[in-house]
Structures are given as C-alpha cells and as structure tokens.
Amino acid sequence: MTVSTVAGPFGALRGQLTDAAAAFTGSADALGAILAGIVDDVDRALGERLEIFPVCHHSPASALAMVRRLRAKQPRVIYLELCEDLQPLLGELRNCRLPVAVQAFASELSGFPADWGPLSVVAPVTEASAEYQAIAYALETPGVELVLVDRSTDHVFQWSPRHQQTDGSGAAGPADGSGAAGPAATGEESGLHGDAVGVEIGDLRPGFAELEAYLLHHGKVRHWSEWWDQYVERPLADADHDTYRQVMVLIGSLFRRLRPTGEDRLDRDEDRERYMWTRMRQHLATSGVDPADCLYVCGAFHAASRVEQFGLDSTAADFEITPRTDTRWRYGLIPSSHSAIEAQFGLAPGSVSIAAATWTKAVSRHGLSPYRLDGQRTATSRGRRGRTTTAPSPAGPVSDRLTGFLAAAPDLDGLDEAELRGWCVDIVRLARRNGYLASTADAIAVFETSVLLAGLRNRARPTPYDFADAAVTCIEKDVVPGRRDVRRLCEILLGGDRIGQVGYDALPPLARDVLDRLQPLGLALEKRTVQRALLDLAAQPELGRCSDLLWILRHLLPPAAVRPIMGERRLGHRSVQESWDLALGRHQRALIELGYEGVTVEQVLEQRLRRAVRGPDATASGALAAVEDAIRLLDSPRLVDELGARAVDLLAAERTVDDAPDVLRRIRRLLAHYRATAPTLPPWCAAFVTTGYAHYCTLLPTAIAAEETGVRQVGAMLGFLFSMEGLALSLGCDRSQLELAVGQSHPTAPAKVALLWAGQHQLGLLPLADLRARCAELLANPLVVPAFPQYLAGFVHALEPVPTLAPFVVETMSTAFARLPDPVLLPWLPTLITTLRDQGPELVPLLIREAGRTFPEALPELDSWVPPWVASPPRPGAGDKRVVAAPRRRVGVLLAAHPEAVDAIAALLGHDGGWLPVTDAPADPGGVADPGDVADPGGVAALLATHPDTLEAIAARVVGQA
C-alpha cells in the first residue's frame, strides 16, 4: 500500500484510507471520497478557533472526558446544544434528585395544527452525562456563563412536517427524530415522560439501517447500545482529550455521510447547526469574550457539520431565525427514570442503568471529582466542586491521534472473577426473593455461561450484557412467578432503574399548593409509596377541605394517583368517613403538568369543564356531566348556570339521538337534586326540559323509523317525553306536540313497533285490551313467532317511559311460554335471552321484581295457582280499567290501614265522620276483586268525576288552612 502525501496533520491517514479504498473496490471514487471526507471533517472540526467538544447522550466516556477538559481548560463561556428557552430552569436542578427532565408544555396553541395539542418537549438530565457536568460547572463556578444555543421549543414544532400524523398528545414527531420509541421496558417508570417529544444532546446512531445491521451482526450483539458500549464506550473511557475528540468527530462524520440523502431529518439538523452557529456568533459579538476561553458542547453528529455558517471565520450570512409563534409555553421540571429515557430514545433496556454504574466505577478508578450542583440530592458521594489548582493547558497544534488509535489492538481486560462471581451470587439471591427456584448450582451455571458467551463473542471479559443473557438462559423458567422477569432483575442488580424526583422548591405553585393543603393528613406525600389516608369528617370537620381537594384531584389526575377506598361524592350526598390511597409522589409528573394549566386545582377544573362544553365534539350529555361535576366538586352557581345554558344550546343543535339514554339519566338526577335542595328549578334546567320536550317530539318520527337508531335511544326519547311531560306542560309546552309526533311515527322494526304501542297506550290511544289482543295475534301467527323476542325487547324498553306496563310484559311473556309448543319454544329461548341481555340489561331487574310479585312465593303453591289474567278475563266492550283499578285498590288498602291522614283532613274541614266497613266488593269491570278494597256501593269515583266542584272546594279549603 502506498501512502499519499497530503498537507495537514491527517495527511498520512487520509492517504492510507484513500489507497485502501482503491485497493478494496478497484476505484477510489465513491468509497475513497467518503473515507477522505471523514478525515477532512475531523481536520476541519479540530482546526476551528472555537473549541468543539463532541459528546454522545448519556455516555460515561463523554462525561469523563468533559470533567477532565473542564478541570484543565476552565472555560469562561460554555455553549450548550439545548433549547435556548430552557435555560432559566437549569438552576432549579439544585432542588431535584436526578434523573429529571426539563419540560416545556403548551396546551393553548397558536400557529400550530389544533390536533397537535397539547405540545410537550422534554430534555432528560442524568448525572452520568456530559451536559450535566457542563451545567454544574457553569452554575457552580463564579464568572462562568452558560449559553444554550439550540433552537427553541417553539421552533422544534415549527420545523416539524405539518403532514405527519399525530396522536393528539404532542408527539407530533420531534424535529430531530430523537423521540422514536424503541424496545425499552414497559411499565409505569417507562411512561414518566408521557407523550412528550424528546430533545437530547448527542443523538449518535447510524441513520443507514444496513450499516447498523452490519455492525450488530459482526459485533455479535443484539442492540445498538451494546455495540456502542463494547466498541466505543470502553476504549474511549481511558483515552486522552485529543484522541477522544478525534474519534468522536470521526464517528459522527461517518454516520452523517452514510445517512440517506434527501432525508427531512438531515435538512432539519443542518438548520439546527446554522441556528447554533448564528447564536454563538451573536453572543461573541456582543460579549467580546475571547473564543479561546469558550467551549462548544454539541453532539458528535453536529461537530462534523458542513454547513456554510460553520466556524467563526465563515463569511456566510447569519441564518435567518423566524420569530416564535404566539403559543404560550410553560416550563418546569418533571421526574424521569432510566427506563423512561430508554423507552423514549430507543435504547436497550438497562443500558442507562449500566451506564450509570460504569460512570460510578470509572470516577472511583480514575480518582476524578465530578461536578455537582450545590444542594443536589444524590445517592452517591459528593466530590469537590469549583476550580482546581491544575493550570490551564495551553492550546497546542493539532496532532494525529487517529492513526494510532485505529491501528492499535484493543486492550483486552482480563476476567474479573470477583466481580462476575458477585454478580452471579447476587442474581441468584434476587431471583429467589422474586419467586424463582434458584440455587448455588444456578450461580455456577451463570458464571460459566457468561464466560462462554463472552468467548463466543470475541470478548476476553464478560460484559453486563453477556451476564444478563447468561442469567436468563440459566434461571428463567416457562412462567414468571412474580412481577419481574430475570432480565429485569439483572437491570436492577447492575444499576437499578433510578427514578428522579423534583424538589418542593422547584415545583410549580399549583403543586406546592396541593401539598400544603394536604398537610393536615400527616402523610409524606413526596414519597413514591402508596399511602392510606383516613378521614373521619364527623370527628374532624377541618379535614373537609382535604376531602374536597382529594375529590378534585381524583377528577384531574390519573386513577392510580388518588383512589378512594371508602366514601363517595355524588349529588346531594357526602360521606361521613372516607379512606384514600394516595400516590402523588409516584405521579408527580401529572401533578406538575396541572401547574402548567393554572394556579390552583379549582381553576384548572373550571377551565377543563368549560373546554369540555365548548369543544367541537361537545354534546348535551357531556355538558350535563360537566354540570354534575361542577355541583359536586365546585361551589360555583355561576359556573353551573353557564354550563347548563350551554347544555341547552347543545341539545337544541343535536340532529341525532345517540346520547338520549345518557341525557335522560343525567337530567333526571339533576332534577331530583334541585327538587330536594332548591326552592325552585334554575332557569337553565327549566329551559332544558322545555327544549328537550320540543326537540325529541320533532325528532321522534324520523328517529323511530331510521335503521341506525337503536331501540335504547328510542326508549330513552319516549322516557324523556313521558316522564318530563308534567313539568314540561307546566312550563308552557303543548301536549299536542307529543300526540302529533306519536301519530306521525311509523316504525318497521319489531322492537320499535312495540315501543310505539306502549307510547300509544300511555297517551290513551291504545287500551290495554287492544294491546293484549295484538300480542295474541302475533303469537298466533307462525311467521311472526321467531321475531316475537324483538317485540318483547321493545316492551322491556317500554318500561322506561311506561313503567306501569310491567304486569302486562310479565303476562305477555308468560303467555308465550304457555302457548308456544316445545319445537318452537326451545329454539326461541336463546334468542330471547340474548336479546334481553344485549338490549335491556338494566330493565330486566324491574321485570324480575314484577314477576316476583305476580308468581307464588313457594313451590307447593304453584300447582293451585291461577294467573290473574286467566282467572278473570276482561269483558268485551267494558273498556280497559285494570291499570286504573289496581292503583285505586292499593290506595284504598293503604288508607284503611293508616287512617290518620284522612282523619286529620276531616278534622280540618270540621267533620267527624266514620269509616265504612271493608266488605268483599264485586269485581271491577276489567279487573279482579280484591278483598282489601273499601266498599264503594254508591260509585263515589264516578260521582266525583261527574261533579268535581266538591273536590275543588275541599282543595281550596285545605290550601287556605295550610
């Protein structure tokens, strides 16, 4: 191989690589240009007057090199690749326990598609990262300035493609592509970042899929994190500063040049580089600081930049920075974890924990003193901070360190039997604690298998990844006995999933207010454990405010954060004793993000209720639900009236009846609440009844005939009309609307036909005798018998608007069972059961209760029992009076058993009358004689109906005396 002579410190290396490309491919055009280009990128980056420090995210080697360089150079200004608007938050890291994430959050968007909201950007920070070491050095060293130069969080989404799909949670796709989810662990800790877009320094991974697959295959590893640890991390851990810089820029240049051309991400990355160089030039021009006293910390990918604005000596014009949108961003810190970082950035499970353990060992082995913020809560020992006595190293000429590093054989670490033996013993102990039947033999097997796997992968020393694979092979069984499998146990053993925490002083005002107001409970709510709170509101009324707050948090936070065990809060009811399971420390991120929406939880709840009823998908049932929440959780009549008025508008604007069952259930509940607690109905509630009456009368003919409208919806419409009829008529509605709507209804589905018959019966248009005759005709027609369960389902749904039909439905069903032959009845029963279960499960109990009152209670009585509808059939032409007679007989029995009320009225009127004896009255026409009936020989009911003046005078007298 001939060596080309090219000027510069890397001329020899450039010639070697060019000659090697020509010998390998027969032509030095394509491959030679790439290999020579990466050397040129290294030469260009290291020759820049502003020192560039390339890093990789969460890399212990980068953190170690950063500590060494900061101790030696002691720069006065550090330019850091991080969103520039996040800088005011960095000082709050003192009040936190790492790892945490710096977050920017926006719920009210301006200038972005509405379906992108809410927008969220996070930048995780761990102690074993170069960016944290730079931040700690700059904030703890007097006279040092930290300048964030990357684009703002607003520009992150400005530069995102508008055509991309979003999930409505802010994950619109990060501009740098770093938010791709990988095969990381699932679970609560892995979701601490939510759906936020991840922004991190030094995302270094091949963008060429074939290159990554080639490296993984020949490196005999399964994941990119493992390849990086084996072939980059460990060799660079002990490298000097110049070697580290040259190797990192070389790798960044290689991955950059092998990235597919025309990729949107590459264009955005180049714009970021133009943005950063423009900001650094502007700062140098205004501050007048010497570039020799500055340090530019960026990802290795950006260190090999080839944009025209690269370098302080570039003559290219500054990059035009577009203004930010009017979106209001809120900033804060949220807890993070190793598994959350792995899940968001596509790292191998356990890789961040292994990196943290490697960092701790390397700091101890090299005797370094890492930088930490004053007051930083950490589990590790604190090193010395501030400036060291080491004199700054003078900037010397760039020398070639790459040739020696690439040509030298890797240092083969010998087998550390003590370390590996400790791992094997500890994993067996941990496995036994989690239900595995592991023994000493398994520890020996794990040890030998780890050595074997390392040998198969050309490693002299087993890595943590080799050990984890060996443990899974030797200990893992077919079924995981507990919550954690062996691989998860290995992650815990090798470093653990460290979970960060945001300190009280760094919390937003809302979160601090919540913790302050819950102090009377006497619990350490900042802990991640689930804590039980017992509230005896009768003995300690002062805890009522805590109860109110907990119910609001229950509405706003995830279900597991605040979970009631005993007690409930519904309309008109408050429990005397309550019990809660609280896990606010575990769901600190959700509590912090509430602080981005308001100052107090009451304000946030009020805003959310308003948004719920003002949104494009708002419905009348949703507005009524918001009214209920406002009554239960907030003491604000003004808000209730506003939400109720909105519910009226939404109901009037609806063109379907899909939510009719929910509307009926909620308005009934609200009416019952106001009747029990208020002297009069609020105006919005009266307007809702009148609007709903007219609205459902208008929609009934169309909805009952439409195939897409279900039986449940039609039954709910009729239920609203009939149950609200008295109130609606008293408020000015016209009953002819309902009669016309029923008269214009012509359904074809059997269940809807039955519903219409029930409605006609309720209006007095269809006597019960005629209804019974129609059902008899249906059962007599063999062609209709298979569809008779649908008619029964309609009658069951009719119990909602016409509950007095329950005896008739029991009668009809019993008649069908009695008359149908077995060959017809047996195939018919499954259809009946499934129909009732699917279409009317909440009404079947009402039917069962009526059947329990109709049929005999004991089995021996069944032989002599005669159905009441068979014992005394109605006389033809006598009219239908059974439904009216039954309530009258019951009233008579009730008054005879409890005469005090009637005697009091008689005394009020000045009469001292007696009671007639109870006799066996003859059977009423259309009904069955009841021995409990009060004798009425003179036809008092008919007499009073003919001459109502007496009743009206009595009523006026009673009202006047009252």
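Starting afresh in each chain, residues are numbered from 1 along the sequence in its written order. Confidence filtering applies because this is a predicted model: local features only for residues at pLDDT of at least 70, side-chain atom pairs given and counted only at 80 or more, and all residues used for totals across whole chains, interfaces and linings. Each side-chain value is derived from all of the structure's non-hydrogen atoms; neither hydrogens nor water enter the calculation.

Trainee: What is the right way to look at the overall build of the chain in this model?
Mentor: Secondary structure elements follow DSSP: runs of H or I no shorter than four residues count as helices, runs of E no shorter than two count as strands, and numbering proceeds from the N terminus. Across its full length, the chain carries 39 helices and 15 strands. With a 1.4 Å probe rolled over the protein chains alone, any residue whose accessible area is under 20% of its type maximum counts as buried; one over 50% counts as exposed, and the rest are partly exposed. Here the chain, with 962 residues, has 50% of them falling under the buried criterion. The contact criterion used throughout is that any non-hydrogen atoms of two residues lie within 4.5 Å. Considering only contacts in the chain between residues 6 or more positions apart, those separated by 24 or more positions represent 76%. Surface exposure of the chain reaches about 44000 Å², of which carbon and sulfur atoms provide 56%. Note on areas: these come from Shrake-Rupley sampling with a 1.4 Å probe, and a residue is covered only by the protein chains present in the view.

Trainee: What is the right way to read the pattern of salt bridges from this model?
Mentor: Working definition: two side chains of opposite charge can pair if their charged atoms are close together. We count a salt bridge whenever a side-chain nitrogen from Lys or Arg sits within 4 Å of a carboxyl oxygen from Asp or Glu. Taken as a whole and assessed by the stated rule, the structure comprises 43 salt bridges. Ionic pairing is found between Glu127 and Arg372, a salt bridge with its closest N-O pair at 2.4 Å. Of the two residues, Glu127 is situated in the loop between strand S5 (119-125) and helix H4 (130-140) and Arg372 in the loop between helix H12 (351-366) and helix H13 (402-407); the sequence distance between them amounts to 245 residues. Comparing Glu127 with Arg372, the two get one shared label, buried. Across the salt bridge formed by Glu739 and Arg735, the nearest N and O atoms sit 3.0 Å from each other. Placement of both Glu739 and Arg735 in helix H28 (residues 735-743) is noted, with a separation of four residues, approximately one turn of the helix. Residue classification places Arg735 among the partly exposed residues on the basis of a relative accessible area of 27%.

Trainee: Looking at this structure, how should I read the sheet that holds strand S2 (residues 77-83)?
Mentor: Two orientations exist for strands paired in a sheet by backbone hydrogen bonds: parallel and antiparallel. For two strands to count as paired, DSSP must find a minimum of two bridges between them. Within the open sheet, the four strands sit side by side as S1-S8-S2-S6. Their pairing is parallel. Each edge of the open sheet is held by one strand with a lone partner, namely strand S1 (51-55) and strand S6 (145-150). Averaged over all neighbouring strand pairs, the angle between strand axes comes to 30°, with direction disregarded. One ladder, built from five bridges, connects S1 with strand S8 (residues 294-299); its direction is parallel. Within the sheet, the bridge partner assigned to Val55 lies in S8 and is Gly299. In this analysis an axis means a line fitted to C-alpha atoms, helices contributing only their contacting stretch, and an angle means the value between N-to-C directions, from 0 to 180 degrees. Along the sheet, helix H3 (residues 60-73) makes contact with S1, S2 and S8, crossing S1 at roughly 155°.

Trainee: Just to check I follow, could you spell out the side chain of Gln713 for this structure?
Mentor: Considering the arrangement of structural elements, one finds Gln713 in helix H26 (residues 711-723). Apart from the residues within four sequence positions on either side, Gln713 is in contact with Val657, Asp658, Ala660 and Pro661.

Trainee: Hey, could you run me through unusual backbone geometry in this one?
Mentor: Phi is mostly negative for residues that are not glycine, and the peptide bonds are mostly trans. The linkage connecting Leu98 with the following residue, Pro99, adopts the cis geometry, with an omega of 5°. Looking at where Pro99 falls in the secondary structure, it is placed in the loop between strand S3 (96-97) and strand S4 (100-106). Residue His58 is not a glycine yet carries a positive backbone phi of 50°. Within the secondary structure, His58 is located in the loop between S1 and H3. The residue Gln74 is not glycine, and still its phi comes out positive at about 50°. Residue class for Gln74 comes out buried when judged on its relative accessible area of 15%.

Trainee: Where do I start with the environment of Val451 in this structure?
Mentor: When you line up the elements, Val451 lands in helix H15 (residues 440-456). Judged by its relative accessible area of 31%, Val451 is partly exposed. With 31 residues separating them along the chain, Val451 and Leu420 place their C-alpha atoms 9.2 Å apart.

Trainee: Please explain the confidence of the model for the chain as it appears in this structure.
Mentor: Low pLDDT means the predicted atomic positions in that stretch should not be read closely. In the predicted model, the chain carries a mean pLDDT of 79, and 80% of its residues have values of at least 70. Each residue gets a pLDDT score, which is the predictor's confidence in that residue and runs from 0 to 100. Here residues 165-186 is a poorly scored stretch, pLDDT under 50, and it has 75 contacts once near neighbours within four places are set aside; other chains count. With pLDDT under 50 throughout, residues 873-888 is counted as low confidence; its partners more than four residues away or in other chains account for 18 contacts.

Trainee: Would you take a moment to explain the packing of helix H14 (residues 417-433) against H15 for this structure?
Mentor: Geometrically, a packed helix pair is captured by the angle between its two axes and the distance between the axes. Where H14 contacts H15, the two axes come as close as 9 Å, and the packing angle between them is 135°. With respect to H15, the axis of H14 lies oblique. The handedness of the crossing between H14 and H15 is right-handed. Packed against H14, whose contacting residues are Glu417, Leu420, Arg421, Cys424 and Val428, the element H15 presents Asp442, Ala443, Val446, Phe447, Ser450 and Val451 at the interface. By the definition adopted for this analysis, an angle is roughly parallel if under 35 degrees, roughly antiparallel if over 145, roughly perpendicular if from 65 to 115, and oblique otherwise. Handedness of each helix crossing follows the sense of rotation of the near helix against the far helix: counterclockwise by less than a right angle gives left-handed, clockwise gives right-handed.

Trainee: Explanation requested: the packing of aromatic side chains in the structure shown.
Mentor: Two descriptors summarise a pair of aromatic rings, namely the distance from one centre to the other and the angle between the planes of the rings. Aromatic contacts are taken between Phe, Tyr and Trp rings whose centres are within 6.5 Å, Trp giving its six-membered ring; a plane angle under 30 degrees counts as stacked, one over 60 as edge-to-face, and the others as tilted. One pass over the full model with this rule turns up 16 aromatic pairs. With a centroid separation of 6.1 Å and an interplanar angle of 75°, the aromatic rings of Trp159 and Tyr275 are classed as edge-to-face. One end of the pair, Trp159, is in the loop between helix H5 (153-158) and strand S7 (197-198); the other, Tyr275, is in helix H9 (residues 264-287), with 116 residues separating them in the sequence. Pair check on accessibility: Trp159 and Tyr275 agree, each one buried.

Trainee: Would you explain helix H19 (residues 544-556) in this entry?
Mentor: Along an α-helix, a turn takes 3.6 residues, which lines up residues three or four apart on a common side. Expected span of a helix: the number of residues minus one, times 1.5 Å. Compared with the 18 Å implied by 1.5 Å per residue over 13 residues, the 19 Å span of H19 between its first and last C-alpha is a close match. Buried within H19 we find Cys546, Ser547, Leu549, Leu550, Trp551, Ile552, Leu553 and Leu556.

Trainee: Can you walk me through the sheet that holds strand S15 (residues 577-582) in this structure?
Mentor: In spatial order, the strands read S11-S15-S12; together these three strands make up an open sheet with antiparallel pairing. The sheet is open, and its two borders are formed by strand S11 (531-536) and strand S12 (562-566), each paired with just one other strand. On average, adjacent strands in this sheet sit at an angle of 25° to one another, irrespective of strand direction. Two elements, S12 and S15, share four bridges in a ladder whose sense is antiparallel. Residue Arg563 lies in a different strand from S15, and its bridge partner there is Asp581.

Trainee: Looking at this model, I keep getting lost on the environment of Arg517. Mind explaining?
Mentor: Tracing the chain through its elements places Arg517 in helix H18 (residues 509-517). Expressed as a C-alpha distance, the spacing of Arg517 and Leu543, which sit 26 residues apart in the sequence, is 9.9 Å. Residues in contact with Arg517, not counting those within four places in the same chain, are Cys546, Leu549, Val601 and Glu602.

Trainee: Help me understand the nonpolar core, please; the structure alone is not making it clear to me.
Mentor: In summary, soluble globular proteins display a tendency toward joint burial of nonpolar side chains. Residues grouped as a nonpolar core are buried Ala, Val, Leu, Ile, Met, Phe, Trp, Tyr and Cys residues, joined through side-chain atoms within 4.5 Å. Membership of the largest hydrophobic core comes to 191 residues, with the highest contact counts inside it found for Leu518 and Phe688. No other element matches the 11 residues that helix H25 (residues 683-705) contributes to this core. Grouped together as the second largest cluster of nonpolar side chains are 27 residues, Leu35, Ile38, Leu46 and Ala303 included.

Trainee: Which parts of the structure should I look at to understand a nonpolar patch on the surface?
Mentor: Together, Leu895, Val902 and Trp915 give the surface a local cluster of nonpolar side chains, amounting to about 240 Å² of exposed area. Along the polypeptide, Trp915 turns up in the loop between helix H37 (900-909) and helix H38 (940-946). Trp915 sits in the partly exposed class, given a relative accessible area of 41%. For patch building, the residue pool is restricted to those with more than 30% relative accessible area and no salt bridge; the joining distance is 9 Å between like charges and 5 Å between nonpolar side chains (Val, Leu, Ile, Met, Phe, Trp, Tyr).

Trainee: Any chance you could explain the pairing of S2 here in plain terms?
Mentor: A regular strand places its side chains on the two faces of the sheet in alternate fashion. With seven of seven residues buried, S2 is to be regarded as a mostly interior element. As judged from the five bridges shared by S2 and S6, these two strands associate in the parallel manner. Residue pairing for S6: Val77 is matched across the bridge by Glu145. Both S2 and S8 contribute to a ladder of four bridges, which runs parallel. Directly across from Tyr79, in S8, lies its bridge partner Tyr296.

Trainee: Whenever I open this one, H28 confuses me. Can you help?
Mentor: Buried residues of H28: Leu738, Ala741 and Val742, and no others. Along the axis of H28, the buried residues cluster in a sector spanning 95°; they form a single face. Note that the arc is defined by the directions from the helix axis to the C-beta atoms.

Trainee: Would you mind showing me how to read the packing of H26 against helix H29 (residues 750-762) here?
Mentor: In contact at an axis separation of 10 Å, H26 and H29 are set at 10° when each is read in the N-to-C sense. The orientation of H26 relative to H29 falls into the category roughly parallel. Along its contact with H26, which presents Val711, Val714, Gly715, Leu718 and Phe722, the element H29 presents Ala751, Lys752, Leu755, Gly759 and Gln762. Split into classes, the residues belonging to the contact of H26 with H29 amount to six nonpolar, three polar and one charged. Residues are grouped as follows: Ala, Val, Leu, Ile, Met, Phe, Trp, Tyr, Cys and Pro are nonpolar; Asp, Glu, Lys and Arg are charged; every other residue, Gly included, is polar.

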